[in-house]
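# Residue-level structure breakdown
Residue strings, one per chain:
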Amino acid sequence: MAVPRQVAGSGALATSGMESILQALKLLLSPGASDSSSLQITKHDVLLATLSSNLSALEDKLLKDPHWKQLKLLRDEIASQAEWPQNSADVTWSFTCQALLLLLCLKETMIRLAADFNPGKPDPRTPEAAPALSPDTLSISQQKTVQSALQFVVTLGVCPYLMPGVGVPLRCRTEFGAVVQDVVCLSAPPDATCRLFTSCRVLLSVAGHTSLRSLVFCCHFGDIAAGLCQLGFCPTKRKPLKPEEEVLTEEERTFSREALRDILDQVYQPLAVRELLLLQGGPPQSHADEKTPVRRRVPAWLRRLCGQLLSERLMRPSGVQAVVRGILEGAGAGAAGGSDAEAAAADWKKCDLIAQILASCPQQSLSPEDYYRGLCPQILDLFHFQDKLTARQFQRVATTTFITLSRERPQLAAKFLLEPVLAPLHRCLNVAEIPASEMAPGTILVTEEELSRCIEDVFKVYVVGNEPLTVLVDSLLPVLGVLFSLYCFTRQSVSHISDEDEDEALYQKVSSEQCQAEHLGDLLSHCQECGLAGDFFIFCLQELTHVAMEDEAELNTKRFSGRRVLELEQHQTRVEDQGRKLLVLQLLAVLCERMSEQIFTNITQVVDFVAATLQRACASLAHQAESTVESQTLSMSMGLVAVMLGGAVQLKSGDFAVLKQLLPLLEKVSSVYPDPVIQELAVDLRITISTHGAFSTDAVSVAARSTLSRKGPEGKTKEQPQTSHEKNTDESDLKQQQSHEKSRQTGLKSHAPPIPPEVGGPRTTTNQKSGSITTDQLQEVLLSAYDPQIPMRAAALRTLSCWIEQREAKALEMQEKLLEIFLENLEHEDTFVYLSAIQGVTLLSDAYPEKILLGLLAQYDGGKDKRTPETRMKVGEVLMRAVRALGDMVSKYREPLIHTFLRGARDPDCAHRASSLSNLGEVCQRLDFLLGSVVQEVTACLIAVAKTDHEVQVRRAAIHVIVLLFRGLSQKATEVLRDVLKDLYRLLKHVVRLEPDDVAKLHAQLALEELDEIMRNFLFPPQKLEKKIVVLP
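Residues numbered from 1 in each chain as written. Predicted model: local features only at pLDDT ≥ 70, side-chain atom pairs only at ≥ 80, totals over all residues. Heavy atoms only, no water.

On to the overall build of the protein chain, then. In terms of helices and strands, the protein chain carries 47 helices and zero strands. Across the 1033 residues of the protein chain, 43% fall into the buried class. Summarising the internal contacts of the protein chain: among those between residues at least 6 apart in sequence, 73% fall at separations of at least 24. (Helix = DSSP H or I, 4+ residues; strand = E, 2+ residues; numbered from the N terminus. Buried < 20%, exposed > 50% of the residue type's maximum accessible area, 1.4 Å probe, protein only. Contact = heavy atoms within 4.5 Å.)

How two helices pack is summed up by the angle between their axes together with the distance between the axes. Two numbers describe how helix α44 (residues 952–969) lies on helix α46 (residues 981–994): the axes approach to 11 Å, and their chain directions differ by 135°. The orientation of α44 relative to α46 falls into the category oblique. Our pair here, α44 against α46, has a crossing hand that is left-handed. When α44 is examined against α46, the residues I959, I962 and F966 are found in contact with a partner set consisting of L981, L984, L987, L988 and V991. (Axes fitted to C-alpha atoms, helices over the stretch in contact; angles between N-to-C directions. Parallel < 35°, antiparallel > 145°, perpendicular 65-115°, else oblique. Left-handed = near helix turned anticlockwise from the far one by under 90°.)

Residues F459, V463 and V464 make up a contiguous nonpolar surface patch of about 270 Å² in total accessible area. On the accessibility criterion, F459 (46% relative accessible area) is partly exposed. (Patch = residues over 30% accessible without salt bridge, like charges linked within 9 Å, V, L, I, M, F, W, Y side chains within 5 Å. Areas by Shrake-Rupley, 256 points an atom, 1.4 Å probe, with all protein chains shown as cover. Salt bridge = Lys/Arg side-chain N within 4 Å of Asp/Glu carboxyl O.)

The end-to-end C-alpha distance of helix α42 (residues 910–927), which contains 18 residues, comes to 26 Å, matching closely the 26 Å that a straight helix rising 1.5 Å per residue would cover. In terms of burial, α42 is largely enclosed, as 14 of its 18 residues are buried. (Expected span 1.5 Å × (residues − 1).)

It is worth spelling out the packing of aromatic side chains at this point. Applying the stated criterion across every chain, the model contains nine aromatic pairs. On the numbers, 6.0 Å between centres and 70° between planes, the contact of F197 with F255 is edge-to-face. In this pair, F197 sits in helix α8 (residues 192–206) while F255 sits in helix α10 (residues 250–266), placing the two residues 58 residues apart along the sequence. For F255, a relative accessible area of 26% translates into the label partly exposed. (Phe/Tyr/Trp six-rings, centres within 6.5 Å; stacked < 30°, edge-to-face > 60°.)

Attention now goes to the pattern of salt bridges. Within the structure shown, the criterion is met by 25 salt bridges. Across the salt bridge formed by E467 and R407, the nearest N and O atoms sit 4.0 Å from each other. On the criterion of sequence distance, the pair formed by E467 in the loop between α19 (448–464) and α20 (470–476) and R407 in helix α17 (residues 388–408) is long-range, its members being 60 residues apart. According to the relative accessible area criterion, E467 is partly exposed, its value standing at 33%. Taking relative accessible area as the criterion, R407 reaches 44% and is therefore assigned partly exposed. One salt bridge connects R427 with E450, and the closest N-O pair in it is separated by 3.2 Å. Here the residue R427 occupies a position in helix α18 (residues 410–429), and E450 occupies one in helix α19, the gap between them amounting to 23 residues. Residue classification places E450 among the partly exposed positions, given a relative accessible area of 31%. Here the salt bridges share partners, and the residues they tie into one network are E59, K72, R75 and D76.

The peptide bond linking P189 to P190 adopts the cis configuration, its omega dihedral lying at 0°. Along the chain, the position of P190 falls in the loop between α7 (175–183) and α8. Phi at N466 is positive, roughly 55°, even though this residue is not glycine. With relative accessibility at 59%, the residue N466 sits in the exposed group.

Turning our attention to the nonpolar core. Judged by nonpolar contacts, the single largest core of 130 residues is most densely connected at V146, F217, F221, V324, F402 and L472. For this core, the element with the most residues is helix α5 (residues 91–116), which contributes twelve residues. The residues that make up this core include at least three from each of domain 1 (11–31 + 42–116 + 138–236 + 248–267) and domain 2 (341–434 + 443–498). In this structure, F221 is in contact with V216, I263, L264, V267, L271, A272 and E275, ignoring residues within four places of it in sequence. Core analysis: the second largest hydrophobic core is formed by 84 residues, C910, I962, V976 and V980 among them. (Core = buried A, V, L, I, M, F, W, Y, C linked by side-chain atoms within 4.5 Å. Domains from an automatic or database assignment.)

For the protein chain, per-residue confidence averages 76 on the pLDDT scale, and residues scoring 70 or more make up 77% of the total. Throughout residues 1–15 the model reports pLDDT below 50, and contacts reaching past four residues in sequence, or to other chains, amount to 40 contacts. The low-confidence segment residues 283–292 (pLDDT under 50) makes four contacts with residues lying over four places distant or belonging to another chain. (pLDDT = per-residue confidence, 0-100.)

With respect to the helices, strands and loops of the structure, H1003 is situated in helix α47 (residues 998–1019). Residue H1003 is classed as buried on the basis of its relative accessible area, which comes to 18%. Those residues in contact with H1003 that lie beyond four places of it in its chain are R956, I959, H960 and V963.

This part takes up the packing of helix α6 (residues 140–157) against helix α9 (residues 210–233). Axis separation between α6 and α9 bottoms out at 10 Å; the angle between their running directions is 35°. Note on packing geometry: the crossing formed by α6 with α9 is right-handed. Where α6 approaches α9, its residues Q143, V146, Q147, L150, Q151 and V154 are matched on the opposing element by L212, L215, V216, H220 and D223. Here the contact of α6 with α9 is composed, by residue class, of six nonpolar, four polar and one charged. (Nonpolar A, V, L, I, M, F, W, Y, C, P; charged D, E, K, R; others polar.)

In this section: helix α16 (residues 368–381). Because an α-helix packs 3.6 residues into every turn, residues spaced three or four apart end up facing the same way. For α16, with 14 residues, the first-to-last C-alpha span of 20 Å sits near the 20 Å given by 1.5 Å per residue. Looking only at α16, the buried set comprises Y371, Y372, L375, C376, Q378, I379 and L380.

The next point concerns the environment of V963. Relative to the helices and strands, V963 is located in helix α44. Between the alpha carbons of V963 and A1004 there is a distance of 7.6 Å; along the sequence they are 41 residues apart. Not counting residues up to four positions away in its chain, the partners in contact with V963 are H1003 and A1007.

Here we come to the state of the cysteines. The tally for this structure, following the rule as stated, stands at zero disulfides. The structure places no disulfide on C218, whose sulfur is separated from the nearest cysteine sulfur, that of C219, by 4.2 Å. (Disulfide = S-S within 2.5 Å.)

Quick look at the structure:
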C-alpha cells in the first residue's frame, strides 16, 4: 500500500499544468442533474448516480479531449505505481480513488513547477514592484476547489470507516453525512481498514507540500488524527492464523503511529489540543430521543491514548499556553482573544477545569517534582501577557491553577510558585545578609520593573484569588513589612528636613515613624467592616496594658557609666522598650483620630475592649497610679456593658458566654477599686451577666442611661465625668420611669439605642386618627426638635413629618414654623437629623407647593450669604424630591425651577454649579414637550459650561445633563430638541475629541450612543404586525 514516488524526468509532468488538474477536479465534483424528488428514500440513489455519472464523465473527457492527454498520461503513471486497489464494486471508493489520484497529480505538478521557477533579479528602477509569484501558488478559487476535493475524500474515504466512538460520526454532522454513511458498501472489497489506511496515507503525502498542508490540516486534522489513532493503536480482537489474513501489517501500524506523532508536532499546538480533547470525548450521553443521533461512548483505549498525548503536549515547551489556548479557543474565544473573549473569561467553570488539568500530575511523569518544576514557570508566564483580552483569560486560569496547586500540593507550590513570585521582596528583606563588598553605592537590588511585576503578581494571587490557604498566608507574612514600606514610600510627600546635622537622624526617625503610623491608620480605616481595624485596636490596647504592668521603677534608673558591657546592653534594652511603648501610644493616637465609632463590628470585640480597659485599670491600681482619665475610661467601658445588658443589643446565649469572660475582671475591680460607685456597678454587672439578664439592678440602668446621654453631636462618647448633681438627677429620673424602662428592656429587639422617653410619647400619636393630636403634644415635639441630643431631635422631626403626611390640622396650621425648624436642622452634621429634615420639607412642599416650593427656590438661589454650601446642596435635594412628588404638575413651576438652576450654573462655588446642572437635567427630563422655548437657554448654558468651565466635575455634570435629556425624552427627542439637536451633537463630538477628562468623555460617549439609538429608531422604525379594523358608516 505504498504511495507512488515522485516521477523524475517524466515528460508528461513537464507539460501538464495545474489548470487541467483543477478542471478535472471540478468535473469530478460537479453536482449531477437529477429530476428526482427530494424525498429521503431517493437521496441514496441520487448520490450514487451522481458519483457514477461524474466518474464516467471524467473518463470520457480524459479519453476524448486532446488537451487532457498529458493529464491522462500523468494519472496513469501515478496509478501504476500505486499499490492500493483502485477498482471496486463500491462506487464511493472508486470515486475516492480518482480524487486521491488527481490530488497526487496536483502535488507532483506543483513540485515540478516550483523547481523550474526562476524569478530573476528585481528591477532597480522599480523597487516598489511586488516580486514575481511562484507558479505553484493557488488562487482563491483554486483553493476552494482543492478544499472541496479534500472534503469529499475525507467524507467518503475516512469518516465511514471509523469505529463507533472514534471521532464524530457522519450522522451527527450533516444530513449529507447521514446519506453517505448509508450508501457506503462495507462488504465490497477492499476491506474498510485498507480503505482507511490508503486515504490517510495519501492525504499525508499530499500534505507534504507546503501550500497544500494548510488546506489538509486546517479543516480535516481531527478526522485524519482519528483515523491514525484507530490504525496504529486500536487493539485487535484476535491474531490472524496466516500472514495473508492480516489486514494491516506491523510496518503499516508503526507508520500510522509515527505519522500521528509527526502531525501532532507539526500543526498549531492549540489545534492539536482541541482535537485531542474532542477525540477523548466526554461522559456517556443518555438516549432521550431515539430519533436523535447520539454519539457513542469513546473506547477506553482511545481515552487513554488521548490522555497520554495531551500530557505530552502539556509537558512540551509552551505546553501550558497551548492547552489553555486550545480549550479557550474551542469555547469561541478566537486565536487572539476574539469577540467572545469576555464570555470565555467569565466562564469560571471552564477556567477551573483547566486549572484542575494543569494541577494534576500525569501518570507518565517521572515524579511530581519534575513535572511541577517544568510546569510552574509556564503558569507564572500566564500572568504577564500584554494583550488585554488574552491576558484576562490567561490570568484567570493562572490564578485558579495557583490556588488549586497551593491547596492540593502546598509544599511544591511554595517551592516552585511562591518563592519565584516573592523573590524580589525577599531580596529587599535580606539586605543584611548581602556581603558588604557587593553593596557598593548605587547597587540595585531589585529593578523597578521586577518590583512592579512582583506587586502585580501578588495582587493577582492573594487578592483576586482570595483564598485564605495556610501556605499562602505563611508565605506572605515574612514580606508584609516590605510591602508596608513600599506602600509608605508611594504615599509619602516631600518633607522639609532640619538643617542641623545633629538633629537630622532623630528627625528622620520620628517623622518616618509618624508617617508609617498615619499610613497604617489609613489602611485600617478601610478595614472597619471586616473587623480587622477593631482587632488591631484591641491588640494595641492590650499592649498598652502590658506597658502599664511593667515595673515603672526601671524607668528611673541611674545614669550608666558606659564602662561595662552589661550596663550598656541593659541601657540599650530599656531604650528599645521605651521606643516600643511610644510606638504603641502613637498608634493608639492615630487610630483614635482616624477610626469612626463603628470600629467594633461584633459583641466579642466590645467585650475584648472592655476587658483590656479593666486589665489596664487593675494594673494601674497595682502600681498605685490611678488617674482621672483612667477612671473616666473605666466608667465608660463599664457603661458600654450596661448598655448592652440594658437592651440596646439583642443578646443571645452565645453572647452571654462571651460576656462571662469579664466576670473575673469585674470581681477584681469590685474588690480593689477605691471608688464605691464603680465597685457597686461592677458587682451589679457580675450579677446581671451571671443571670443572663434575668436580674438587673438600678445601678446598671443608671449607667446605661448615663452612657447614652453622653453622646455628642457627632455620635461620639464624651469623656467629661458627670457631677454629683447630674448623677442624682439621672437616678431620680430613672426611679420615676423604672417600671417603663424594665418593660422596654425585656422586649427590645433593636440594634440601636432606645429612643428617649421624651420623644417616645409624641411618636405614639402618629398612629392616631387625623385631628387627634393636642396642642400640648405639638408643643412638646416642637421643643424636642431643638434638643441637643441627636436621637430625641431626629425622632421629633420624624414625628412632625408623619403628622404632615397624615394632614394633621394643628400641624399644618404652623407650616411656616415647621419650615423654619426643618431648614435649621438641614445644617445639622448628623446624617439621621438632616435626612429627617429633608423628608419633612419635601412633605411640606407636596402639601403647599405654591408657598413652600418658591421659598425653597429662594433659599437655594439667594441664600449663598446665609447658608453654607452643604446646606444649599441639601435644599437642592429637597427640590428634586418635590419635583418627583409633583409629577406632571411640575410644568406649572417650569420657569422658576429652570431659571433658578440656570443661575446656579454661574455660581462661584463649583460644587453648587455641578449640583444645579444635575438638578436642571432631572427637571428637563420630566418636562418632555413642555420644555418649550427654554430649550435654547438650556442648550446654550450646557455648551458654555462644557467648553469653558475650569472645574472637571462641573463639565461632567453638563455632559450628564445631555445624557439625561436623551434618556428621558427617548423618541420624543427628535421633536422636542429639533432646533438644538445639531448643536448638542457637535458639542458631544467636541468633548470626545478634546476633553482631557476620561469620565466626561465617557458621559459624552454614552450620550452619543443614546442619540444613535434614537436616530436609528427614527429613521428605521420597527415594523409592527398589526391589523387595522375600520368600521364603515
